Amino acid sequence: MVTGGRGTVVAMAAWSTLNAAGVTLFLLLVLLRVSQAQTFFFPFRQPETCGHNQYFDISALSCVACGPNQRQDARGTVCVCLPGFQMISNNGGPDITCKKCPENMKGVTGDGWNCISCPGGLTAEGKCHCPTGHILVERDVNGTLLSQATCKLCEESENSFTIANALGNRCVQCEPTFINTSRSCVCSEPNILTGGLCFSSTGNFPPRMISAARYGDLGMSFTSEWFAEYLQSSAAACWVYANLTSCQALGNMCVMNMNSYDSTTFDACRLFQFIFENTAGLGTVHSVSFWRQNLPWLFYGDQLGLAPQVLSTTPLPTNFSFKGENQNTKLKFVAASYDVRGNFLKWQTLEGGVLQLCPDTETRLNAAYSFGTTYQQNCEIPISKILTDFPMPTFYDVYLEYTDENQHQYIWAVPVLNLNLQHNKIFVNQDSSSGKWLLTRRMFLVDALSGRENDLGSQPRLIRVATQISLSIRLVPNTKNGNIYPPLITIAYSDIDIKDPNSKSVKVSFSVTYEMDQGEAHVQTDIALGVLGGLAVLLSLLKTAGWKRRIGSPMIDLQTVMKFLVYYAGDLANVFFIITVGTGLYWLIFFKAQKSVSVLLPMPAQEERFVTYVGCAFALKALQFLHKFISQITVDIFFIDWERPKGKVLKAVEGEGGVRSATVPVSIWRTYFVANEWNEIQTVRKINPLFQVLTVLFLLEVVGFKNLALMDSSSSLSRSPPSYIAPYSRILRYAVSTALWLVIGIIQKSRGRQRRAIRVAAVRPRYLLFCSAPQDFTSKVTSQSVMADGAAGIVFFAVFYERFVEDKIRQFVDLCCMSNISVFLLSHRCFGYYIHGRSVHGHADTNMEEMNMNLKREAENLCSQRGLIPNTDGQTFQIAISTQMRQQYDRIHETLTRKNGPARLLSSSGSTFEQSIKAYHTMNKFLGSFIDHVHKEMDYFIKDKLLLERILGMEFMEPMEKSIFYNDESYSFSSVLYYGNEATLLIYDLMFFCVVDLACQDFILASFLTYLQQEGQ
């Protein structure tokens, strides 16, 4: 039995398990089918699409049928009883019950709950109707429902002066103007009824009024329903009763008409001006002659020349400072705001974007009122959003709040320059002369009201939007305490025709600009340009005179004039460069570092002159660079080989079948090697261009120096992302770029000079390969330099500097000496350079062991020194050759280049190649003999240049009979290479970088293009 019981239990457990699994499987299948059949879309319905007997279910978002004897209400979201039916129950929404009224009480009470007998007819809704001037009474004073409604006539006699209200259920006192004018509640002729007010036809009130709204942008005007309804009544109430809100409403209508004045028509502004002129006896407000008692302050008067007096006569009695204990960088603008009916709304600060249509964060919006921060905001707003956000215009009278020395608070009225204002049909505020401007006070952002033609509840035909608002702040000249003149709000409106608001948008902008009188700065710049330009002329004349002496031509010809112009272009480029760099650094330092504000950055329009100077500097520097390039590729250079044959060898004679002894030829590979090295150093720079560009770009973009070019008062190198980023100043971008570029370039050049002292140990193995020179070989020339350089500098630049810079020029001189090759170079007809490379060992074409032995002997002073003059080290010279020497050089050179017919010094029987070889040997022999003083008629002497000659870069002594070799320890032969023109190249690269950046406002693009043009050099 036990066994059987256990089996039953097991069977039951198995069965329950199977049931559970089956149920689970069934549910999964059902859910799968449900999920496959379920949809998430339904028909789109709107309340207005529902039928007359349907209402819009706000929960199901669909149309649902009303119950019996029901229809939809005016909104369409609930059901109401049909006319002649009373409500029995109402549980909210569509859940109501209606019952038909009996035949003797067909009317329904106003609340819809009861049936009642009406004294007269019924309205369309089934309610009782009373005649005009009567009120409907359905209950007695204690609320008891009357069996029959009655119509009571309101008492219009002198004792009561009552009239039915708009709902017709109560008698109220009629409008006071009716009582004052006609002593009744009826405005009968000849009195005038307008805007719900009654006025007497007697008096001097102007009878003709224009209710047109002008839209000058679209060249049209039409009758505005708002003006037609309220212009006359507002003007009459303001004129007759001095009603404050009516006067404000009249002023608002004038502002909606762009403050435009036309003496031939009585529109809103003409009416306002009429009342202003005829209420002079009422006095002024706050002693402001343009602000009449009871009237809003709209104009500053229409006298010519008044605007400059308002804007630049009296400074504000407050100071602004960027730093220090008395820091004051907040512009506290407040506005008195009014609605279109003339009601005062509130005082409000302009922070939070009150005048800024473009949406943004509060921090960025409020940055517009940080003193010294140039602000720009632009966006595009859909017309539909404007219509939704601004159904009615709001008007603002803007003031600047400040605190005087006694800590008393005051406000200063901020004038408005409305560019759409017309005075006698002339846009006077668009004139460039401020003397013709007409300043105003009140402004608005959007007017979607005056553009409505027939119905104030309909969509406007036109709207007017303030698409450009600019707040300009002007610094008092020569101020040291940050004083400013009254700010000026310049506003421009755009008239937009509304046809399809959902598909249209409008571009709007808001800006804050700062300006100061740049007249003195321009005068100082002109003086500097004139003085430096005059010095440039003198310097160019000296260069031209030196050039004339070096070419040996005393005549002034067209070539001389062209040379002077080229020199002057380069010097004038330096003048423009100095002026622009000085100007940029002045604005950068004095604007960013000042405490009390005394200078403000030039506006973008005022920067055009500066940009022109930068363009001139670049163009002239490019011309100078081209001239240097042409001069470099047109120099005459000859490599004098001092190596002599080392004996004779037996040589087979062609055509004779025998042999004979011949001189061992001198290897040409040393000359080729030196010539190749010369070609390599043609474009060697003192700085590394790639390092220069990358370092400047790193400092600008990564470190954040570019933030110094922002048009705000901050000197920080970083900006937080949520904060407002001011626009860049082109002058400051130029100043920061030039400062960094010059500093990095000067550091590279200065370290290049310091590293020359250890040049041999660092670079000589590159030429000697496996030859190791003794360390004391350079101890005489390096000890002082290395000690002065310092251990820290050596370690730093051994890691960073030597990687990029080498002293190629001294290396080349060393190479010439080791190769037993001298270089004779003529950059002008009678002037050039000489590098004495004759080996002190007599020969250089030798093996490694002998070369190493020679170097050791030289290091131990066991041989003579390398200099041209015995017992000296002078190897480089500037040379001024005589005319006779030049003529002999030309005769050989003509043969070498085969310019003028057959050779004069060589036999013409050989081939051209052989003639060139013979001419080469002839020139090599001639120049070698010239250096060795063989030709007494073409001899030379060696001397030092005078200090003044070095400064002026010219020679006072003219080589008449003998040539002159000037000792040149500065290796000035590099002047025919890029290396010796580093200043010109550095400034040219800098100007290229700055011109690209000024054009594109992009440091990365400027760096990339600058690198490309450097590679193209």
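Residues numbered from 1 in each chain as written. Predicted model: local features only at pLDDT ≥ 70, side-chain atom pairs only at ≥ 80, totals over all residues. Heavy atoms only, no water.

Remarks on the overall build of the protein chain
Quick reminder of the rule: Every helix listed is a DSSP run of H or I at least four residues long, and every strand listed is a run of E at least two residues long, numbered separately from the N terminus. For the exposure calls, accessible area comes from a 1.4 Å probe over protein chains only, and a residue counts as buried if that area is under 20% of its type's maximum, exposed if over 50%, partly exposed in between. The contact rule is simple, with two residues in contact once any of their heavy atoms fall within 4.5 Å. The Shrake-Rupley method, run with a 1.4 Å probe, gives the accessible areas here. Residue values count only the displayed protein chains as cover.
Scanning the protein chain from terminus to terminus reveals 24 helices and 37 strands. Sorting the 1017 residues of the protein chain into buried and exposed places 46% on the buried side. Contacts in the protein chain between residues far apart in sequence, at least 24 positions, make up 63% of those at least 6 positions apart. Summed over its atoms, the accessible surface of the protein chain is roughly 51,700 Å², and 57% of this surface lies on carbon and sulfur atoms.

Side note on the pattern of salt bridges
Spelled out, the test is: We define a salt bridge as a contact between a side-chain nitrogen of Lys or Arg and a carboxyl oxygen of Asp or Glu at a distance within 4 Å.
Under the criterion given, the structure shown has 26 salt bridges. Note that Arg-685 and Glu-982 form a salt bridge whose closest N and O atoms lie 2.9 Å from each other. Residue Arg-685 is located in the loop between helix H12 (669-681) and helix H13 (689-703), and its partner Glu-982 is located in helix H23 (residues 982-1000); the two are separated by 297 residues in the primary sequence. Each member of the pair, Arg-685 as well as Glu-982, is classed as buried. Asp-932 is the partner of Arg-838 in a salt bridge, and the nearest nitrogen-oxygen pair spans 3.0 Å. One end of the pair, Arg-838, is in the loop between strand S34 (831-835) and helix H19 (848-859); the other, Asp-932, is in the loop between helix H21 (912-931) and strand S36 (940-943), with 94 residues separating them in the sequence. Residue Arg-838 is classed as partly exposed on the basis of its relative accessible area of 27%.

Considerations on the side chain of Glu-982
Residue Glu-982 is classed as buried on the basis of its relative accessible area, which comes to 1%. With near-sequence residues (within four places) excluded, Glu-982 lies in contact with Arg-685, Lys-686, Ile-687 and Lys-749.

Quick word on the packing of H23 against helix H24 (residues 1003-1016)
As a reminder of what qualifies: Note on method: axes are straight lines fitted to C-alpha atoms, helices fitted across the in-contact stretch only, with angles between N-to-C directions ranging 0 to 180 degrees. Here is the rule for handedness: rotate from the far helix to the near one, and if that takes an anticlockwise turn smaller than a right angle the crossing is left-handed, while a clockwise turn gives right-handed. Three categories are distinguished: nonpolar for Ala, Val, Leu, Ile, Met, Phe, Trp, Tyr, Cys and Pro, charged for Asp, Glu, Lys and Arg, and polar for the others, with Gly belonging to the last.
Two elements in contact, H23 and H24, have axes separated by 8 Å at closest approach and are oriented at 145 degrees. Judged by the twist between their axes, the crossing of H23 over H24 is right-handed. Packed against H23, whose contacting residues are Tyr-988, Asp-989, Phe-992, Phe-993, Val-996, Asp-997 and Cys-1000, the element H24 presents Phe-1003, Leu-1005, Ala-1006, Ser-1007, Leu-1009, Thr-1010, Gln-1013 and Gln-1014 at the interface. Here the contact of H23 with H24 is composed, by residue class, of nine nonpolar, four polar and two charged.

Quick word on the sheet that holds strand S30 (residues 636-641)
Convention followed: Two strands make a pair as long as DSSP finds a minimum of two bridges between them.
Strand order in the open sheet formed by six strands is S30-S33-S34-S35-S37-S36, and the pairing between neighbours is mixed. Two strands close off the open sheet at either side, each with one partner strand: S30 and S36. Taken over all neighbouring pairs, the strand axes of this sheet differ in orientation by 25 degrees on average, direction set aside. Bridging between S34 and strand S35 (residues 876-880) involves five bridges; their strand directions are antiparallel. Following the sheet pairing, Tyr-833 is matched in S35 by Gln-878. Across the sheet, H12 is in contact with S30 and strand S33 (821-826); its angle to S30 comes to roughly 145 degrees.

Some points on H23
For clarity, the threshold we go by: One less than the number of residues in a helix, times 1.5 Å, gives the span that helix is expected to have.
Under the 1.5 Å per step criterion, the end-to-end length of H23 is 27 Å for 19 residues, consistent within 8% with the ideal 27 Å. A large share of H23 lies buried, amounting to 15 of its 19 residues. Positive phi shows up at Gln-1001, right after H23, with a value of about 55 degrees.

Points about the pairing of strand S28 (residues 488-497)
Of all the ten residues making up S28, eight are buried; the element is thus mostly covered by neighbouring parts of the structure. Bridge count for strand S24 (residues 416-418) against S28 is three bridges, and the pairing is parallel. Counted as the bridge partner of Asn-418 is Ile-491 from S28. Where strand S27 (residues 462-474) and S28 come together, ten bridges link them in antiparallel fashion. Paired with Val-465 across the strands is Ser-494, a residue of S28.

Examining the state of the cysteines
Counted only if it meets this: Cysteine sulfur pairs qualify as disulfides if the two atoms are within 2.5 Å.
By the definition in use, this model includes eleven disulfides. Between the sulfur of Cys-238 and that of Cys-247 lies a disulfide, 2.0 Å long from S to S. Of note, the bridge from Cys-238 to Cys-247 carries an S-S torsion of about 100 degrees and is right-handed in sense.

Structural notes on the nonpolar core
For clarity, the cut-off: In this text, buried Ala, Val, Leu, Ile, Met, Phe, Trp, Tyr and Cys residues form a nonpolar core when linked through side-chain atoms within 4.5 Å.
Among the nonpolar cores identified, the biggest contains 131 residues, and Phe-333, Leu-355, Phe-371, Val-398, Met-443 and Ile-463 are the most heavily contacted of them. Considering each element in turn, this core owes the most residues, eleven residues, to H23. If we ignore the near neighbours within four places in the chain, the residues touching Phe-371 are Phe-320, Phe-322, Thr-329, Leu-331, Ile-473, Ile-484, Tyr-514, Val-597 and Ser-713. Phe-639, Ile-964, Val-976 and Tyr-979 belong to the second largest nonpolar core, which has 24 residues in total.

So, the environment of Leu-708
Its place among the elements puts Leu-708 in the loop between H13 and helix H14 (730-755). The exposure class of Leu-708 is buried, given its relative accessible area of 16%. A sequence separation of 21 residues divides Leu-708 from Ser-729, and the C-alpha atoms of the two residues are 9.4 Å apart. For Leu-708, the residues in contact, after removing those within four places along its chain, are Leu-588, Lys-592, Ser-715, Ser-716, Leu-717, Leu-732 and Val-736.

Considering the confidence of the model for the protein chain
In plain terms, the rule: Looking at any residue, its pLDDT shows the predictor's confidence there, from 0 to 100.
Confidence in the prediction for the protein chain averages 83 pLDDT; 86% of positions are at 70 or higher. For the stretch residues 754-805, pLDDT sits under 50, and the model shows 66 contacts to residues farther than four places along the chain or on other chains. Below pLDDT 50 for its whole length, residues 899-909 participates in 16 contacts with residues either more than four positions away or in separate chains.

Considerations on the packing of aromatic side chains
Each aromatic ring pair is summarised here by two numbers: the centre-to-centre distance and the angle between the ring planes. Quick note on the threshold: For this analysis, a ring pair means two rings from Phe, Tyr or Trp (six-membered ring only for Trp) whose centres lie within 6.5 Å, classed as stacked if their planes differ by under 30 degrees, edge-to-face if by over 60, and tilted for the remaining angles.
Enumeration according to the criterion identifies 44 aromatic pairs in this entry. With a centroid separation of 6.1 Å and an interplanar angle of 75 degrees, the aromatic rings of Tyr-375 and Phe-510 are classed as edge-to-face. Placement of Tyr-375 in strand S21 (residues 375-382) and of Phe-510 in strand S29 (residues 505-515) is noted, with a sequence separation of 135 residues between them. Using a relative accessible area of 1% as the deciding quantity, one classes Tyr-375 as buried. Residue class for Phe-510 comes out buried when judged on its relative accessible area of 4%. Between Phe-395 and Phe-444, the aromatic rings sit 5.8 Å apart at their centres with planes inclined by 65 degrees, giving edge-to-face as the arrangement. Of this pair, Phe-395 sits in strand S22 (residues 395-403) while Phe-444 sits in strand S25 (residues 442-444), and the two are 49 residues apart along the sequence. When sorted by exposure, Phe-395 lands in the same class as Phe-444, which is buried. Feature note: the residues Phe-320, Phe-322, Phe-371, Tyr-514 and Phe-591 constitute an aromatic cluster, connected by ring pairs.

Considerations on the environment of Asn-169
As for its position among the elements, Asn-169 is in the loop between strand S11 (162-164) and strand S12 (171-173). Under the relative-accessibility criterion, Asn-169 is labelled partly exposed at 45%. Those residues within four positions of Asn-169 in sequence are excluded, and the remaining contacts are Ile-135 and Leu-136.

Some thoughts on unusual backbone geometry
A positive phi angle is found at Asn-259, which is not glycine, with a value near 55 degrees. Of note, the phi angle at His-933 is positive, near 60 degrees, even though the residue is not glycine. Mapped onto the fold, His-933 is located in the loop between H21 and S36. By relative accessible area, which is 30% here, His-933 ends up partly exposed.

Focus on the environment of Asp-267
Topologically, Asp-267 is positioned in the loop between helix H4 (244-256) and helix H5 (268-277). A relative accessible area of 1% means that Asp-267 is categorised as buried. Taking the C-alpha atoms as reference, Asp-267 lies 9.7 Å from Gln-232; in sequence the two are 35 residues apart.

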